[in-house]
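Residues per chain are reported as follows:
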Amino acid sequence: RRGEMAKSTQLIDNEVFRAFATYTAIVLLKMMLMSLITAYFRITRKAFVNPEDTATFGKGESAKKYLRTDPDVERVRRGHLNDLENIVPFVGIGLLYALSSPELSTALLHFRIFTGARILHTLAYLIPLPQPGRGLSWAVGYSVTFSMAYKVLKTAWLL
Amino acid sequence: RRGEMAKSTQLIDNEVFRAFATYTAIVLLKMMLMSLITAYFRITRKAFVNPEDTATFGKGESAKKYLRTDPDVERVRRGHLNDLENIVPFVGIGLLYALSSPELSTALLHFRIFTGARILHTLAYLIPLPQPGRGLSWAVGYSVTFSMAYKVLKTAWLL
Amino acid sequence: RRGEMAKSTQLIDNEVFRAFATYTAIVLLKMMLMSLITAYFRITRKAFVNPEDTATFGKGESAKKYLRTDPDVERVRRGHLNDLENIVPFVGIGLLYALSSPELSTALLHFRIFTGARILHTLAYLIPLPQPGRGLSWAVGYSVTFSMAYKVLKTAWLL
């Protein structure tokens, strides 16, 4: 029993792994928030994509007009897809990075910059801020993941 | 040699981690199934998006008419994207949760409800079931991931 | 201090895990490359989706004409989404597979074939190659992930 507990807690006892867990939970929750914002805009803008979603607005032609795209909804959806494209590599490469024995301070720097950059990216997309605001925040997050991938490949390389 | 074996098998010997591995494999296989369903509808509805995919139907104008969208294909694709948006956070947060020493019974409850909710979500999307069937199954899966994220942040918090 | 180091490096000392880390970093970097290719085509084809992205081309009607879709941009985006749909299951199931004590040679075979298949898939999509080139490369990667999922479920099964 005790041996099992020790086994299950060892990774989470490691400080770099705890930092990775904290920032990964935060960026994934931020990504999940995009679903709620999409739902909010779909309901307030009355812009749906599935016929069954418009049933509460009546039947037939009266409901059909709500089957439409809305610029605000589409904007949130693009931000959501961009999150998937960038947060998936961060989580996958970040996990391997956290297991490659980086210095805690270096790891924290990577995780903090990525998380800050992705929050800025979402704000830049939704407000929206003029370019290059969104472009730069995207590039910063991208570079952090690239830097972690370099450390992973240097440490683990076995082809 | 023996030491290496022990190292590599220790996580998979942990019961919570075995449960996580089982349910994660199931939901990811379910997500992969969406690709096959999309292919099935593309072929039976003759609705393609790439010119090179219609070459078997002849050349030029006769093939060009199959470059079109089909409501059934688009429906499956939306279900697939919704899977990505929800199963990615489950896998990432669920892994950290499984390493945060939860009770086996609590962990199983989370994994089972999420997996059931996502299977129901797919059925509700593809049949389709009237709302709020799809909405509720989405919300249940979302809440499970949120609950796991709370446990992860409570256990690992290192900002 | 030493105990902590040992803890943090143990997974990365395992050869199967090192191979998994190497190939996962490679396929995730390949997926990230799709963002750069999309940006390249958006800029060279002058095809944007956000009004704020066209501001450098002037204001009003003169910039508005660059808010359009372009076949090359859309093709890269489809390749990127297909990567997400297939590389996410590979990373999730592959991690569990790497922890399920497979033979190193068997694991390397899985990782190498998947990585090769996904690189071929991208080439087949972007050039584009005539079918069934893209279809076959997709099916090979899909089968590798399926094979790893089978091993994971056989090893970990706890429902």
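Let me begin by describing the structure that accompanies this report. (Residues numbered from 1 in each chain as written. Chains lettered and ligands numbered in written order. Predicted model: local features only at pLDDT ≥ 70, side-chain atom pairs only at ≥ 80, totals over all residues. Heavy atoms only, no water.)

Positionally, I43 of chain A belongs in helix α2 (residues 15-44). Put simply, I43 of chain A and I26 of chain A are 17 residues apart on the chain and 26 Å apart in space, counted from C-alpha to C-alpha. (Helix = DSSP H or I, 4+ residues; strand = E, 2+ residues; numbered from the N terminus.)

Let us now look at a nonpolar patch on the surface. Residue and element names in this part refer to chain A. Side chains of I119, L120, L123, I127 and L129 sit close together on the surface and give an oily, nonpolar patch of about 450 Å² of accessible area. Looking at the secondary structure, you find L123 in helix α5 (residues 104-126). The class of L123 is partly exposed, set by a relative accessible area of 44%. (Patch = residues over 30% accessible without salt bridge, like charges linked within 9 Å, V, L, I, M, F, W, Y side chains within 5 Å. Areas by Shrake-Rupley, 256 points an atom, 1.4 Å probe, with all protein chains shown as cover. Salt bridge = Lys/Arg side-chain N within 4 Å of Asp/Glu carboxyl O. Buried < 20%, exposed > 50% of the residue type's maximum accessible area, 1.4 Å probe, protein only.)

Now for helix α6 (residues 133-156) of chain B. The terminal C-alpha atoms of α6 of chain B, which comprises 24 residues, lie 35 Å apart, in line with the 34 Å expected from a rise of 1.5 Å per residue. Within the sequence span of α6 of chain B, burial applies to R134, S137, W138, G141, Y142, V144, T145, M148, A149, V152, L153 and A156 of chain B. (Expected span 1.5 Å × (residues − 1).)

Under the definition given, this model contains 21 salt bridges over all chains. Taking the shortest distance from any N to any O, the salt bridge between R75 of chain B and E52 of chain A comes out at 2.8 Å. Taken as a pair, R75 of chain B in helix α4 (residues 71-98) and E52 of chain A in the loop between α2 and α3 (61-64) lie in two separate chains rather than in one. One exposure class covers both R75 of chain B and E52 of chain A, and it is buried. The salt bridge partner of R45 of chain C is D72 of chain C, with a shortest N-O separation of 2.8 Å. With a gap of 27 residues between them, R45 of chain C in the loop between α2 (15-44) and α3 (61-64) and D72 of chain C in helix α4 (residues 71-98) connect regions that are remote in the sequence. A relative accessible area of 30% means that R45 of chain C is categorised as partly exposed. Several salt bridges converge on common partners, so that one network encompasses E52 and D53 of chain A together with R75 and R134 of chain B.

With that out of the way, let us pick up the side chain of D70 of chain A. All names here are of chain A. The residue D70 is located in the loop between α3 and α4 (71-98) in this model. Nearest to the buried, unbridged D70 among oppositely charged side chains is R45, at 4.2 Å. Within the local environment of D70, its side chain forms a polar contact with the backbone nitrogen of D72, the two atoms lying 2.9 Å apart. Aside from chain neighbours lying at most four places away, what touches D70 is R45 and A47. (Lys, Arg positive; Asp, Glu negative; His and termini not counted. Polar contact = N/O pair within 3.5 Å; in protein donor to acceptor, adjacent residues only side chain to side chain. Contact = heavy atoms within 4.5 Å.)

Note on placement: T24 of chain C falls in helix α2. Residues T24 of chain C and S105 of chain C, spaced 81 residues apart in sequence, show a C-alpha to C-alpha distance of 17 Å. Setting aside residues no more than four positions away along its own chain, T24 of chain C makes contact with L96 of chain A together with F90 and V91 of chain C.

Of all hydrophobic cores here, the largest spans 111 residues; its most connected members are F17 and F111 of chain A, F17 and F111 of chain B together with F17 and F111 of chain C. Residues M34, I37, F41 and V73 of chain C belong to the second largest nonpolar core, which totals 6 residues. (Core = buried A, V, L, I, M, F, W, Y, C linked by side-chain atoms within 4.5 Å.)

As a further point, take the relation of the copies chain A and chain B. Put simply, the second copy of the chain is the first one after a rotation about an axis and a shift along it. Note on the identical chains: chain A maps onto chain B by a rotation of 120 degrees and an axial translation of 0.0 Å, with an RMSD of 0.0 Å. The relationship between the two copies is best expressed as a three-fold rotation axis. Here only 15% of the contact residues of chain A are again contact residues in chain B; the copies associate through non-equivalent surfaces. (Least-squares fit on C-alpha atoms with pLDDT ≥ 70 in both.)

Another aspect to go through is the interface of chain A and chain B. Taken together, the contacts link 39 residues of chain A with 35 residues of chain B. Both sides of the chain A and chain B interface together cover about 3200 Å² of buried area, and 68% of this is carbon and sulfur. Counting across the interface, chain A meets chain B through 3 salt bridges. Measuring nitrogen to oxygen at the nearest pair gives 3.5 Å for the salt bridge that ties E52 of chain A to R134 of chain B. At the junction of chain A and chain B, the tally comes to 11 residue pairs in polar contact (both at pLDDT 80 or more). Residue assignment for the side of chain A that touches chain B shows that the elements contributing at least two residues are α1 (2-13), α2, α4 and α5 of chain A. Counting residues per element, the side of chain A that touches chain B draws most heavily on α2 of chain A, which supplies 18 residues. Residue composition of the side of chain A that touches chain B, grouped by class: 23 nonpolar, 8 polar and 8 charged. (Buried area = accessible area lost by both parts, 1.4 Å probe. Nonpolar A, V, L, I, M, F, W, Y, C, P; charged D, E, K, R; others polar.)

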